[in-house]
Amino acid sequence: MLKILKYSFFDLIRSRWSIIYFLFYFITGMVLLYLSHDVSKAIVSLMNITFILTPLIGTIFGVMNFYNSREFIELLLAQPVPRKRIFLGMFLGISISLSLSLLLGMSLPFIIYGLFLSGQVMSLLILITSGVFLTFIFTALAFYIALVNENRLKGFGMAILVWLFMAFIYDGIFLLSLFLLQEYPIEKFAIAMSLFNPIDLSRILIMLKLDISALMGYTGAVFSKFFGNNSGMLISFLALTIWTVVPVLLILKKSFKKDF
Amino acid sequence: MAIENAQPFDTIVVSPGRYVEYDIQIDKPLYIIGIDHPVIDGDHKSEIVTIMSDSVLFKGFQVQNVGLSYIKDWAGIKIDNRDYCIIEDNILLDTYFGIYLKKSDHIVIRNNYLKSVAKNEVNSGNGIHLWYCEDILIEKNQITGHRDGIYFEFVEKSRIIENISEGNLRYGLHFMFSNHDDYIGNTFKNNGTGVAVMYSEFILMKNNNFVDNWGTANYGLLFKEIYDGELSGNKFQNNTTAIFADGSNRIKIINNEFRSNGWAMNIFGNCMDNEIAYNNFISNTFDLTTNSSRNRNDYHDNYWDQYAGYDLDKDGIGDVPYRPVRLFSYLIGKIPEAIILLRSFFIDMINMAEKVAPVLTPQSLLDERPRMKLNIYD
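Residues numbered from 1 in each chain as written. Chains lettered and ligands numbered in written order. Predicted model: local features only at pLDDT ≥ 70, side-chain atom pairs only at ≥ 80, totals over all residues.

Visitor: Hey, could you go over the overall build of chain A for me, with residue numbers and the actual values?
Guide: In terms of helices and strands, chain A carries 11 helices and 0 strands. Across chain A, helices and strands are ordered from the amino to the carboxyl terminus as α-α-α-α-α-α-α-α-α-α-α. On C-alpha atoms alone, chain A measures out to a radius of gyration of 20 Å, which is about the 18 Å that the 2.2 N^0.38 rule sets for 260 residues. Across the 260 residues that make up chain A, the buried fraction comes to 43%. (Helix = DSSP H or I, 4+ residues; strand = E, 2+ residues; numbered from the N terminus. Rg over C-alpha atoms; globule rule 2.2 N^0.38 Å. Buried ≥ 20, exposed ≤ 12 C-beta atoms within 10 Å, placed from the backbone.)

Printed below as a string of structure tokens:
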């Protein structure tokens with residue numbers, strides 16, 4: 001598995017796209033920091049970009065990479081290597097290389113600017129962690145979709161649809177359900193809803209870290225009580241982990257059965 | 001002390017030291033002056049100084065440790081039904097009520113430092129407490145750690161100038177049923193709420209700073225049922241809600257700066273005929289929110305940093321009106337739980353859509369003359 005991981009990882013890290021991806025975050029981070037001169041503002045702006053871009057890039061890379069290396073997979077399958085190792089290795093290869101670009105591209109500008117003086121280390125850490133989680137989650141989802149669909153166009157379309165659903169449509173449904181249920185005490189319902197979307201969950205975790213929680217008033221107090229304390233944090237990260245593990249298990253299950 | 005032996009209008013000079021004494025009653029007009037702040041320690045027993053005569057000067061003492069009572073309002077220095085007194089240059093530490101004026105007129109409270117350690121609202125008193133007074137000057141005092149920094153109830157024609165009210169539990173300054181008062185050049189920092197003006201008329205609020213009044217139920221300035229006030233030249237920075245107005249009419253809100261607040265203004269639908277003009281709105285999460293789809297206030301000539309219009313004739317005024325209420329802030333007014341979606345992309349999208357074609361937000365709430373550049377004050 002390590003060999004496959006290594007091959008896939010170095011193949012990707014050498015590619016143009018990884019470098020462009022890294023440079024994008026690096027330059028955006030730099031520009032935001034030096035324009036706003038405010039670390040916490042830069043983190044909020046970067047958050048907006050990260051949470052829409054990381055899942056999208058994860059999705060696209062996952063699908064493209066799978067379809068492009070189909071011949072390579074078929075070649076490997078002919079060798080005496082367990083299927084589990086092949087698919088897990090390839091998945092980890094992509095997600096780790098993407099995460100590395102994200103990690104470096106995001107942390108370097110802040111370190112250059114002087115992050116450790118600003119006291120915002122924790123919020124950047126959460127931002128990067130959730131960015132890495134989102135990369136893993138959406139790459140895995142994309143991988144699974146590609147595995148299920150032989151038809152490239154259909155697979156690509158579906159993967160984009162999943163991204164679109166999580167990034168936009170879910171929040172619409174969320175808002176609508178809050179609107180319809182406003183007669184009831186819905187704080188707990190809102191917390192539950194947010195656990196079911198990794199993008200929302202990551203966003204809320206950062207918002208509460210950045211002292212915006214006071215904006216939320218009375219209802220915010222309920223939220224920050226849940227997400228702010230350790231057990232809430234733990235539950236949130238557990239939810240993110242489940243979001244990562246479940247698609248990976250699906251990939252493995254499918255890969256055992258699939259007839260190539 | 002020497003009060004009993006003194007003739008009216010004598011001067012008593014107290015030398016430095018520590019005097020454990022309480023229930024001191026000043027019952028004739030005297031000038032009482034402490035040198036190097038002699039300490040009068042009430043030992044948490046009772047009230048310390050009660051002024052029961054007109055024309056008393058009380059200057060330069062350190063008054064500390066007033067007793068706590070749930071029946072009587074014990075204070076560090078109390079003036080009971082007397083006029084023309086001056087309380088100056090005193091230090092009041094751990095006083096239940098600091099300076100307490102009851103039915104007293106024409107009084108000056110200047111340069112005092114009041115510090116207490118209020119833990120909750122129930123068993124703490126106010127720093128400077130005024131009840132049924134007229135023509136009072138409160139100047140350059142520093143008040144911290146009380147329930148309300150300064151409290152006005154039925155106080156007329158008084159002025160509060162250049163005080164610093166910081167870290168008080170409830171309000172930095174609190175008006176109840178008080179008319180024709182001015183507060184100018186004060187700083188309200190890190191209080192539960194900076195200033196609360198309730199059931200009062202003709203209040204002039206000028207050149208004050210409202211800073212860091214931050215928390216889940218905290219406001220910079222709270223208006224409740226107030227009429228005909230003027231709010232000008234103030235700075236609001238880092239407050240959760242800079243101005244919250246409920247049932248307030250005919251107030252002029254002019255030349256103020258709102259910077260980095262959560263909400264710059266939350267104006268309820270029951271406010272009318274207010275004029276909001278020549279203000280600067282900079283880096284606030286929300287500029288304005290309201291809970292009504294009608295607008296009965298007048299917004300003009302403000303600078304909004306989120307204004308995206310253009311100015312073809314270069315007269316410094318944007319050619320397209322600005323709508324300060326965004327859909328999301330309107331929605332939060334209706335469904336507070338929706339705040340959990342703050343900064344979500346979906347919200348950004350519907351905000352954008354609403355901006356282009358307003359459907360839900362108040363149609364008539366707009367600034368017809370948004371400024372292209374910051375309003376400059378002198």
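Here the narrative resumes, following the displayed structure.
Visitor: Which residues make up the interface of chain A and chain B, and what are the values?
Guide: Counting residues at the interface gives 28 residues for chain A, matched by 21 residues for chain B. Among the secondary structure elements, those contributing two or more residues to the side of chain A that touches chain B are helix H3 (39-68), helix H7 (152-180), helix H8 (187-195), helix H9 (198-209) and helix H10 (217-228) of chain A. When residues of the side of chain A that touches chain B are assigned to their parent elements, the largest contribution, 8 residues, is made by H7 of chain A. Residues that form the side of chain A that touches chain B fall into these classes: 17 nonpolar, 7 polar and 4 charged. (Contact = placed C-beta atoms within 7 Å. Nonpolar A, V, L, I, M, F, W, Y, C, P; charged D, E, K, R; others polar.)

Visitor: Go over the confidence of the model for chain B with me, naming the residues and quoting the values.
Guide: Residue and element names in this part refer to chain B. Counting all residues, the mean pLDDT for chain B is 90, and 99% of those residues have values of 70 or more. Here helix H1 (residues 327-334) stands out as the least confident element of chain B, with mean pLDDT 82; strand E18 (residues 159-161) is the most confident, with 95. Scored as a whole, the predicted complex attains pTM 0.81, and scored at its interfaces, ipTM 0.79. (pLDDT = per-residue confidence, 0-100.)

Visitor: Explain the pairing of strand E23 (residues 193-198) of chain B residue by residue, including any values.
Guide: Residue and element names in this part refer to chain B. The buried fraction of E23 amounts to 6 of the 6 residues, a majority that puts the element mostly inside the structure. Bridge count for strand E20 (residues 171-176) against E23 is 5 bridges, and the pairing is parallel. Pairing of His-174 across the sheet is with Ala-196, part of E23. By the bridge criterion, 5 bridges tie E23 to strand E26 (residues 219-224) in an arrangement that is parallel. Among the inter-strand pairings, Met-198 is bridged to a residue of E26, identified as Lys-224. (Pairing = 2+ DSSP bridges.)

Visitor: Any details on unusual backbone geometry? Residues and values, ideally.
Guide: Residue and element names in this part refer to chain B. Look at Ser-55: it is not a glycine, yet its phi comes out positive at around 55°. Mapping Ser-55 onto the fold places it in the loop between strand E6 (49-51) and strand E7 (57-59). Judged by the 17 C-beta atoms lying within 10 Å of it, Ser-55 is partly exposed. Positive phi outside glycine occurs at Asp-135, with the angle close to 55°. Position of Asp-135 relative to the elements: it lies in strand E15 (residues 128-139). The class for Asp-135 is partly exposed, based on 16 C-beta atoms found within 10 Å.

Visitor: Run through the nonpolar core, naming residues and quoting values.
Guide: Core analysis: the largest hydrophobic core is formed by 161 residues, its most contacted members being Phe-91 and Ala-140 of chain A together with Val-197 and Ala-242 of chain B. For this core, the element with the most residues is helix H6 (residues 121-148) of chain A, which contributes 16 residues. Non-local contacts of Phe-91 of chain A, meaning those with residues more than four positions away in its chain, are made with Thr-139, Ala-140, Phe-143, Val-248 and Ile-251 of chain A. (Core = buried A, V, L, I, M, F, W, Y, C linked by C-beta atoms within 7 Å.)

Visitor: Tell me what's going on with the pairing of strand E13 (residues 105-110) of chain B, and back it up with residues and numbers.
Guide: All names here are of chain B. Note: strand E10 (residues 86-88) against E13, 3 bridges, orientation parallel. Its bridge partner being in E13, Ile-86 is matched across the sheet by Val-108. In this structure, E13 lies alongside E15, joined through 5 bridges in parallel fashion. When the sheet's bridge partners are listed, Asp-105 is paired in E15 with Glu-134.

Visitor: Could you give me a rundown of the environment of Thr-290 of chain B, with the residues and numbers involved?
Guide: Residues and elements named next belong to chain B. Following the sequence through the fold, Thr-290 ends up in the loop between strand E35 (286-289) and strand E36 (298-300). Under the C-beta neighbour-count criterion, Thr-290 is labelled buried, with 23 such atoms within 10 Å. When the C-alpha atoms of Thr-290 and Lys-235 are compared, they prove to be 21 Å apart, with 55 residues separating the residues in sequence. Non-local contacts of Thr-290, meaning those with residues more than four positions away in its chain, are made with Ile-267, Phe-268, Gly-269, Val-325, Gly-333, Pro-362 and Leu-365.

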